[in-house]
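Listed here are the chains, written in short residue letters.
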Amino acid sequence: MKNILLITLLFPFAALAVDADYTLMIKDHRFSPSELTVPSGKKIKLLIVNQDSTPEEFDSHALNREKVIAGNGSAILYIGPLNSGSYKFGGEFHEATAQGTLIVR
Amino acid sequence: MFGTAIIVFREVLEASLIVGIIAAATRNVPGSRRWLVAGLLSGLFGAGMIAVFTEFIGELASGLGQEILNASVLGIAVLMLGWHNIWMSSHGAALAANARSVGVEIRDGRRACSVLFMIVGIAVLREGSETVLFLYGIAASESGGQASMMLGGLIGMSTGAATGYLIYAGLLRVSLRWFFVATSTLVLMLAAGMASQAAHFLIQADLLPGLATPLWDSSAALPQNGLPGMLLHSLIGYDARPAGMQLVFFGAALLVITLGMKWAASPQQVAKQS
């Protein structure tokens, strides 16, 4: 922990970024909202809640993130800071229906 | 079915490449085959356990258990691969020269085997748990088409395993003169790539600053979900949008292991061994 704090202190810009909270739900293998708007240049703390009974993997090549969310479980994901634009994400285990976009402004 | 095959292929590919390279690199270490199989089986068992306890693991460390587990497992793998390479650079030549004689450095060989066991086990455990979860999800879902998706899973699994076998068979055809250079370079790149992936998980968990995110974006030229990108991701940890910190980890692992290999291959160290 001490080391991590030290590392963080060494990079004040990373440490200064303020966390914002956003929630993404998964139900019937779909994301809601399917379009989530977040501010640019900030680190985002995203809570993903899976209301289905089967596991899902949040997957986004654009965001460079991948995380399994257990059935009826939830998980925290840190993203960014990002430049403005739109970033696609999906549920790897149910690619046909689980699709969404992160709009960064 | 096709989609399922690709997902499973992607998961199996990485483990299979690691196992193939390590199997080739240790082909002359006495008893290595038994340890390899033991590693495979333990890895599969571990993957099942992780899949069963996904919910529990995910909730550890306020929702960041998965990242911490992944980063730790990768960290151990980097250490093991590094140790393996350093060990090989002092013993490899001797093992090759006495390839037929039994009992070459049995004691040291056993130590190398336990490392081999760990590497194979870890590779299978990490990649296997996601495959298990994915296939479980298919089996548990009520929508139709399970049979075709399961078939896709099997195709993906066997294609992934076949790729690992191809790299193994290919490495065995490399002449002895280049064999150690080839295998140790591959193992070195695997280790550095894993160090970068470990950094990626720590950044995702916000335990490490990303430095520059992303440092570059080569997803248009070499997408990570295309076959070349997938292969490069497995072999050298290629990332189309890496964070700066990932490169720092990649470079550090590369440097430390290379220095260790140079040190172990130095005349004094080799003389000590024989």
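Residues numbered from 1 in each chain as written. Chains lettered and ligands numbered in written order. Predicted model: local features only at pLDDT ≥ 70, side-chain atom pairs only at ≥ 80, totals over all residues.

Visitor: Explanation requested: the overall build of chain B in the structure shown.
Guide: A count of helices and strands for chain B gives 10 helices and 0 strands. Moving toward the C terminus, one meets the helices and strands of chain B in the order α-α-α-α-α-α-α-α-α-α. Of all 274 residues assigned to chain B, the portion counted as buried reaches 47%. Across chain B, the fraction of contacts at a sequence separation of at least 24, relative to all contacts at a separation of at least 6, is 85%. (Helix = DSSP H or I, 4+ residues; strand = E, 2+ residues; numbered from the N terminus. Buried ≥ 20, exposed ≤ 12 C-beta atoms within 10 Å, placed from the backbone. Contact = placed C-beta atoms within 7 Å.)

Visitor: Is there a simple way to think about the sheet that holds strand 9 (residues 99-104) of chain A in this case?
Guide: Within a sheet, neighbouring strands are paired by backbone hydrogen bonds and run either parallel or antiparallel to one another. Residue and element names in this part refer to chain A. Sheet architecture is open: 5 strands sit in the order 3-9-8-5-6, paired in mixed fashion. Where the open sheet ends on each side, the last strands, each with one partner, are strand 3 (35-38) and strand 6 (65-69). Taken pair by pair, the neighbouring strands of this sheet meet at an average axis angle of 20°, ignoring direction. Relative to strand 8 (residues 85-91), strand 5 (residues 56-60) is paired through 2 bridges, and the arrangement is antiparallel. Its bridge partner being in strand 8, Asp59 is matched across the sheet by Gly90. (Pairing = 2+ DSSP bridges. Axes fitted to C-alpha atoms, helices over the stretch in contact; angles between N-to-C directions.)

Visitor: How should the nonpolar core be read in this particular structure?
Guide: Most often, soluble globular proteins keep nonpolar side chains buried together rather than apart. Residue and element names in this part refer to chain B. Formed by 94 residues in total, the largest nonpolar core has its most connected members in Ile21, Leu116, Ile119, Ala191, Ala195 and Ala198. For this core, the element with the most residues is helix 5 (residues 106-140), which contributes 16 residues. Other than its neighbours up to four places away in sequence, Ile119 contacts Ile18, Ile22, Ala77, Met80, Leu81 and His84. (Core = buried A, V, L, I, M, F, W, Y, C linked by C-beta atoms within 7 Å.)

Visitor: I keep staring at the confidence of the model for chain A and nothing clicks. Help me out?
Guide: As a general rule, the predicted coordinates of low-pLDDT regions are not to be interpreted in detail. Residues and elements named next belong to chain A. When pLDDT is averaged along chain A, the result is 83; 81% of the residues meet or exceed 70. The weakest mean pLDDT in chain A belongs to helix 2 (residues 12-16) at 38; the strongest belongs to strand 9 at 95. Across residues 8-20, where pLDDT falls below 50, the model places 19 contacts with residues more than four positions away in sequence or in other chains. (pLDDT = per-residue confidence, 0-100.)

Visitor: Looking at this structure, I do not really get the interface of chain A and chain B. What am I missing?
Guide: How big an interface is tends to be stated in terms of accessible area lost as the parts join. At the interface, 26 residues of chain A touch 31 residues of chain B. Going through the elements one at a time, helix 1 (2-10), strand 6 and strand 7 (74-79) of chain A are the ones with two or more residues in the side of chain A that touches chain B. Looking at the side of chain A that touches chain B residue by residue, the class counts come to 14 nonpolar, 7 polar and 5 charged. (Nonpolar A, V, L, I, M, F, W, Y, C, P; charged D, E, K, R; others polar.)

Visitor: Explain the pairing of strand 4 (residues 44-50) of chain A here, please?
Guide: Each regular strand shows side chains that alternate between the opposite faces of the sheet. Residue and element names in this part refer to chain A. By the alternation rule, side chains of strand 4 split into Ile44, Leu46, Ile48 and Asn50, which are all buried, and Lys45, Leu47 and Val49, of which none is buried. Sheet topology note: the strand 4/strand 7 ladder contains 6 bridges and is antiparallel. In the sheet register, Ile48 faces strand 7, and the bridge partner there is Ala75.

Visitor: What am I meant to see in the environment of Ile76(A) here?
Guide: Inspection of the secondary structure puts Ile76(A) in strand 7. We classify Ile76(A) as buried; it has 21 C-beta atoms within 10 Å. Between the C-alpha atom of Ile76(A) and that of Pro55(A), which follows or precedes it by 21 residues, the distance is 15 Å. Ignoring sequence-local partners within four residues, the contact set of Ile76(A) consists of Lys45(A), Leu47(A), Ser62(B), Gly63(B) and Leu64(B).

Visitor: Quick question: what am I supposed to make of unusual backbone geometry here?
Guide: Note on backbone geometry: most residues besides glycine have negative phi, and most peptide bonds are trans. Residues and elements named next belong to chain A. Residues Ser32 and Pro33 are joined by a peptide bond in cis, for which omega reads -5°. As for its placement among the helices and strands, Pro33 is situated in the loop between strand 2 (30-32) and strand 3. One non-glycine residue, Asn72, lies in the positive phi region at around 55°. Overall, Asn72 belongs to the partly exposed group, with 13 C-beta atoms counted inside 10 Å.

Visitor: What am I meant to see in helix 7 (residues 176-204) of chain B here?
Guide: Side chains three or four residues apart in an α-helix point the same way, a direct result of the helix having 3.6 residues per turn. Relative to the 42 Å expected for 29 residues at 1.5 Å per residue, helix 7 of chain B spans 42 Å between its end C-alpha atoms, a close match to the ideal helical length. Immediately downstream of helix 7 of chain B, the backbone of Asp206(B) shows phi near 65°, a positive value. (Expected span 1.5 Å × (residues − 1).)

Visitor: Whenever I open this one, helix 2 (residues 32-52) of chain B confuses me. Can you help?
Guide: All names here are of chain B. The end-to-end C-alpha distance of helix 2 is 30 Å, a good match for the 30 Å that 21 residues give at a rise of 1.5 Å each. Three or more residues of helix 2 are buried, namely Trp35, Leu36, Gly39, Gly43, Ala47, Ile50 and Ala51. Along the axis of helix 2, the buried positions cluster into a sector of 135°, meaning they face one direction only. Of the exposed residues in helix 2, the ones pointing more than 90 degrees away from its buried face are Arg34 and Val37. (Arc of directions from axis to C-beta.)

Visitor: Honestly, the environment of Val256(B) in this entry has me stumped. Any pointers?
Guide: Note on placement: Val256(B) falls in helix 9 (residues 244-265). As a C-alpha pair, Val256(B) and Gly237(B) span 19 residues in sequence and 17 Å in three-dimensional space.

Visitor: I tried to follow the packing of helix 1 (residues 2-25) of chain B against helix 6 (residues 146-173) of chain B on my own but got confused; where do I start?
Guide: Helix-helix packing is described using two parameters, namely the angle between the two axes and the distance between the axes. All names here are of chain B. Orientation of helix 1 relative to helix 6, taken along the N-to-C sense of each, is 25°, at an axis distance of 7 Å. In this view, helix 1 runs roughly parallel relative to helix 6, as classed from their interaxial angle. Every pair of crossing elements has a handedness; the one defined by helix 1 and helix 6 is right-handed. Here the contact of helix 1 with helix 6 is composed, by residue class, of 22 nonpolar, 10 polar and no charged. (Parallel < 35°, antiparallel > 145°, perpendicular 65-115°, else oblique. Left-handed = near helix turned anticlockwise from the far one by under 90°.)

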